[in-house]
Amino acid sequence: MAKAMTISYEVGNNLYLNLTNRCPCACTFCIRNHADGAYGSDPLWLEHEPTMDEIKADLSKRDLTKYDDIVFCGYGEPTERLDAVIETAAFLREKGCKRLRINTNGLGDLIHGRSIADELSTAMDVISISLNAGTKDEYMSVTRPKFPDAFEAMQKFTADCVKTGKTEVVMSVVDVIPQEQIDASREIAEKLGAVLRVRTFDE
């Protein structure tokens, strides 16, 4: 018998969805380096990537209308499973969910070899992109992506999402970086038409 997997977990008034453990980055501050779960959740390492049937069965056990946001964010980069994200979002809309958000590193275009901004913006109410640093050198050293042009691609993805006009676009940094990096990050976000959110490290 397969062991139970954590596909969804509650954080405050939000529900988070854990659909993959794959990620093209190895961020120095990643919570995965320190714990098996997040915010008191059960372990988020997946025995296997859940099928759509497993995702729907898990979500059907919950009162989905009670959450402020349903957030695609687990122990991996959700756009690694773009089709599952889009299909799950449609399922959640049918169930009357209020707001759908995705927390992404913004590298989905590089993962899939094409622009994904339009389909993701159509599916989500909020796209939150991890900027992580205000300069390329710092970004590459903190985020450690497998793609050499990740910093540029993440910004293009952000701009493309803003251009759709369909969704709220946020860029985020964690407050462990120096103030000058936060200031530089704010300049980037404003240039791209996004809002910068400075998150506390333990969020």
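As a reminder, the structure under discussion sits directly above these lines.
Residues numbered from 1 in each chain as written. Predicted model: local features only at pLDDT ≥ 70, side-chain atom pairs only at ≥ 80, totals over all residues. Heavy atoms only, no water.

Caption draft 1: Molecular detail of the packing of helix α1 (residues 52-59) against helix α2 (residues 82-94). Across the interface, α1 lies against α2 with an axial gap of 11 Å and an inter-helix angle of 35 degrees. As for the relative orientation of α1 and α2, their crossing is right-handed in sense. Where α1 approaches α2, its residues Met52, Ile55, Lys56 and Leu59 are matched on the opposing element by Ala84, Glu87, Thr88, Phe91 and Leu92. Considering only residue class, the contact of α1 with α2 consists of six nonpolar, one polar and two charged. (Axes fitted to C-alpha atoms, helices over the stretch in contact; angles between N-to-C directions. Helix = DSSP H or I, 4+ residues; strand = E, 2+ residues; numbered from the N terminus. Left-handed = near helix turned anticlockwise from the far one by under 90°. Contact = heavy atoms within 4.5 Å. Nonpolar A, V, L, I, M, F, W, Y, C, P; charged D, E, K, R; others polar.)

Caption draft 2: Quick peek at the packing of aromatic side chains. The tally for this structure, following the rule as stated, stands at three aromatic pairs. When the ring of Tyr9 is compared with that of Tyr16, the centres are 5.5 Å apart and the planes differ by 35 degrees; the resulting orientation is tilted. Exposure class is identical for Tyr9 and Tyr16. Each is buried. Between the aromatic rings of Tyr139 and Phe151, the centroid separation amounts to 5.1 Å while the plane-to-plane angle is 45 degrees, which identifies the pairing as tilted. (Phe/Tyr/Trp six-rings, centres within 6.5 Å; stacked < 30°, edge-to-face > 60°. Buried < 20%, exposed > 50% of the residue type's maximum accessible area, 1.4 Å probe, protein only.)

Caption draft 3: Quick peek at the sheet that holds strand β2 (residues 14-17). Taken in spatial order, the seven strands of this open sheet run β1-β2-β3-β4-β5-β6-β7, and their pairing is mixed. Strand pairing shows two members of the sheet lacking a second neighbour, β1 (8-11) and β7 (195-199), which therefore form its edges. Here the average twist between neighbouring strands, direction ignored, is 25 degrees. Here strand β6 (residues 168-174) pairs with β7 via five bridges, running parallel. Paired with Val170 across the strands is Val195, a residue of β7. Relative to β7, helix α7 (residues 179-192) is tilted by about 150 degrees, and along the sheet it contacts β6 and β7. (Pairing = 2+ DSSP bridges.)

Caption draft 4: The arrangement of unusual backbone geometry in detail. Phi is positive for Asn132, close to 70 degrees, though the residue is something other than glycine. By secondary structure assignment, the location of Asn132 is in the loop between β5 (126-130) and α5 (136-143). The phi angle at Arg144 is positive, at roughly 50 degrees, despite the residue not being glycine.

Caption draft 5: Main features of a negative patch on the surface. A surface patch of negative charge is lined by Glu180, Asp183, Glu187 and Glu190. Tracing the backbone shows Glu180 in helix α7. (Patch = residues over 30% accessible without salt bridge, like charges linked within 9 Å, V, L, I, M, F, W, Y side chains within 5 Å. Areas by Shrake-Rupley, 256 points an atom, 1.4 Å probe, with all protein chains shown as cover. Salt bridge = Lys/Arg side-chain N within 4 Å of Asp/Glu carboxyl O. Lys, Arg positive; Asp, Glu negative; His and termini not counted. Charge placed at Lys NZ, Arg CZ, Asp CG, Glu CD.)

Caption draft 6: A look at the nonpolar core. By size, the foremost hydrophobic cluster in this structure holds 50 residues, and its most contacted members are Ile70, Phe72, Leu92, Met124 and Met171. Excluding residues within four positions of it along the chain, Ile70 makes contact with Leu15, Leu17, Leu64, Leu92, Cys97, Arg99, Leu100 and Arg101. In terms of nonpolar packing, the next biggest core, distinct from the first, is built from eight residues, Tyr9, Tyr16, Leu44 and Tyr75 among them. (Core = buried A, V, L, I, M, F, W, Y, C linked by side-chain atoms within 4.5 Å.)

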